[in-house]
Amino acid sequence: MRINRTTRLLAAAVLGVALAGVGVAGPAVADDDPEQGIDVTVTIEPGTTTGQVSMTVADNGGVSLQEDGSNAAARQFVGTLPTVTVTDTRRPEEIPAGDFWAVVGQAGEFTATSGSTPPIGSQYLGWRPRLLTDSSSGAVEAGEPVSSVISDGSGAPAVGLQGQELLVSTANSADEIGTWQVNADLALRTPAGVAAGEYHSTLTLSLFNQS
């Protein structure tokens, strides 16, 4: 709305200049008199809107994990996190020294549709973050993989997403400004004897920006 009002005011100002030129009466001049023009100048100051760091998640209907990779040690169910986009629109002079941002994720426990079935703790859900956008400076990095407490054998910390785990971050925001996309491979590894049923959890993503 602000842009529209500004546009109308500028149009009115231009129109006013034209009408003023036409409406001023004066003595008749000879046809061979030189033309007279009026210099019109405008100084447009830099916009005052400051940039910001923001996060969006691609439209999705949730993630449906499908069984793949189960063995005698664990039942495994996998899926992919919807694409997460982080955008930093600040100008270099707006970024304080030592400023950084990070996106972290934390899962709630998986509760069964049947109230009598015990829930599956969030420590059984792990992920492997993946940066989809090249970082020109290398300053933006995906988080380290985290395994279920039933280890997937990769050597990743077997702690699951019961606490806040890093999805993507930069240690120094001033090193690189722009837009980055990231997702993650999800893997729920439960005990082999897990009760059958439909389970639901909420994976919460949070963006932090600190100086």
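Every residue gets a number counted from 1 within its own chain, in the order that chain's sequence is written. Two thresholds apply to this predicted model, a pLDDT of at least 70 for residue-level local features and 80 or more for giving and counting side-chain atom pairs, whereas whole-chain, interface and lining totals are computed over all residues. Based on all heavy atoms of the structure, the side-chain values leave hydrogens and waters out of the count.

What follows concerns the overall build of the protein. A count of helical and extended segments in the protein gives one helix and 12 strands. Put simply, DSSP H or I for four residues or longer makes a helix, DSSP E for two residues or longer makes a strand, and each gets a number counted from the N terminus. Sequence-ordered secondary structure for the protein, helices as α and strands as β, is α-β-β-β-β-β-β-β-β-β-β-β-β. The buried share of the protein, reckoned over its 211 residues, is 29%. In what follows, residue pairs with any heavy atoms lying within 4.5 Å of each other are defined as contacts. Within the protein, contacts between residues separated by at least 24 positions form 78% of all contacts whose residues are at least 6 apart in sequence. Note on areas: Shrake-Rupley, 1.4 Å probe, and residue coverage restricted to the protein chains presented here. For the protein, the accessible area works out to roughly 13,300 Å², and carbon and sulfur atoms hold 54% of it. For the exposure calls, accessible area comes from a 1.4 Å probe over protein chains only, and a residue counts as buried if that area is under 20% of its type's maximum, exposed if over 50%, partly exposed in between.

Considering every residue of the protein, the mean pLDDT works out to 85; 83% of them sit at 70 or more. One confidence number per residue, pLDDT, is output by the predictor and ranges from 0 to 100. Within the model, the stretch residues 1-29 combines pLDDT values under 50 with one contact to residues more than four positions away or in other chains.

Turning to the pattern of salt bridges, a few remarks are in order. Put simply, a salt bridge is a Lys or Arg side-chain nitrogen that is within 4 Å of an Asp or Glu carboxyl oxygen. Counted according to the given criterion, the structure contains six salt bridges. Note that Asp88 and Arg90 form a salt bridge whose closest N and O atoms lie 2.9 Å from each other. On the basis of relative accessible area, Asp88 is assigned to the buried category, the value being 3%. Bridged by salt links that share partners, the residues Asp88, Arg90 and Asp99 form one connected network.

To pair, rings of Phe, Tyr and Trp, with the six-membered ring standing in for Trp, must have centres within 6.5 Å; the planes then decide the type, stacked if under 30 degrees apart, edge-to-face if over 60, and tilted in the middle. In this structure the tally under the stated criterion is one aromatic pair. Arranged with centres 5.4 Å apart and planes meeting at 40°, the rings of Trp101 and Trp180 form a pair that is tilted. Here the residue Trp101 occupies a position in strand 5 (residues 100-107), and Trp180 occupies one in strand 10 (residues 179-191), the gap between them amounting to 79 residues. Of the two residues, Trp101 and Trp180, neither departs from the other in class, the shared state being buried.

The subject of this paragraph is the sheet that holds strand 12 (residues 203-210). Sheets are built from strands paired through backbone hydrogen bonds, the pairs being either parallel or antiparallel. In space, the four strands of this open sheet follow the order 8-9-5-12, with antiparallel pairing throughout. The open sheet has two free edges, formed respectively by strand 8 (140-142) and strand 12, since each of these has just one partner strand. On average, each strand axis in the sheet is tilted by 15° relative to the strand beside it, whichever way the strands run. Two strands qualify as a pair provided that DSSP identifies no fewer than 2 bridges between them. Axes here mean lines fitted to C-alpha atoms, for a helix over just the part in contact, with angles spanning 0 to 180 degrees between N-to-C directions.

Looking now at the layout of surface pockets. Here the term cavity refers to a set of points on a 1 Å grid, laid over the protein atoms alone, in which a 1.4 Å probe fits but cannot get out; the term pocket refers to an open set having protein on both sides within 12 Å along at least five of seven lines, with lining residues being those that place an atom within 4 Å of a point. Grid points are joined across faces, edges and corners, and a volume is the space filled by probe spheres set on the points. Within this model, the largest pocket holds a volume of roughly 690 Å³. The wall of the largest pocket is formed by 28 residues, among which Val63, Leu65, Phe110, Tyr199 and Ser201 lie closest to the centre. The element that contributes the greatest number of residues to the lining of the largest pocket is strand 10, accounting for three residues. The calculated volume of the second largest pocket comes to roughly 180 Å³. In terms of lining, the second largest pocket is formed by 15 residues, of which the most central are Arg128, Asp152, Asp185, Leu186 and Ala187. Of all the elements in the fold, those that place two or more residues in the lining of the second largest pocket are strand 3 (74-80), strand 7 (125-131) and strand 10. Among the elements that make up the lining of the second largest pocket, the one with the highest residue count is strand 10 (four residues). When residues are grouped by polarity, Ala, Val, Leu, Ile, Met, Phe, Trp, Tyr, Cys and Pro land in nonpolar, Asp, Glu, Lys and Arg in charged, and all others, Gly among them, in polar. Tallied by class, residues from the lining of the second largest pocket come to six nonpolar, five polar and four charged.

Bringing the nonpolar core into the picture now. Counting 28 residues, the largest nonpolar core has Trp127, Leu167 and Val168 as its most contacted members. With five residues, the top contributor of residues to this core is strand 10. In this structure Leu167 touches Leu81, Val84, Val103, Val104, Trp127, Pro129, Ala142, Gly143, Val182, Asn183, Ala184 and Leu205, once residues within four positions along its chain are discounted. Think of a nonpolar core as a cluster: buried Ala, Val, Leu, Ile, Met, Phe, Trp, Tyr and Cys residues, connected wherever their side-chain atoms sit within 4.5 Å.

The subject of this paragraph is the environment of Gly105. With respect to the helices and strands, Gly105 occurs in strand 5. Once the C-alpha coordinates of Gly105 and Leu167 are considered, the two residues, 62 residues apart in sequence, prove to be 6.6 Å apart. Residue contacts for Gly105: discarding those within four places in its chain leaves Trp127, Leu161, Gly163, Gln164, Glu165, Leu203, Thr204 and Leu205.

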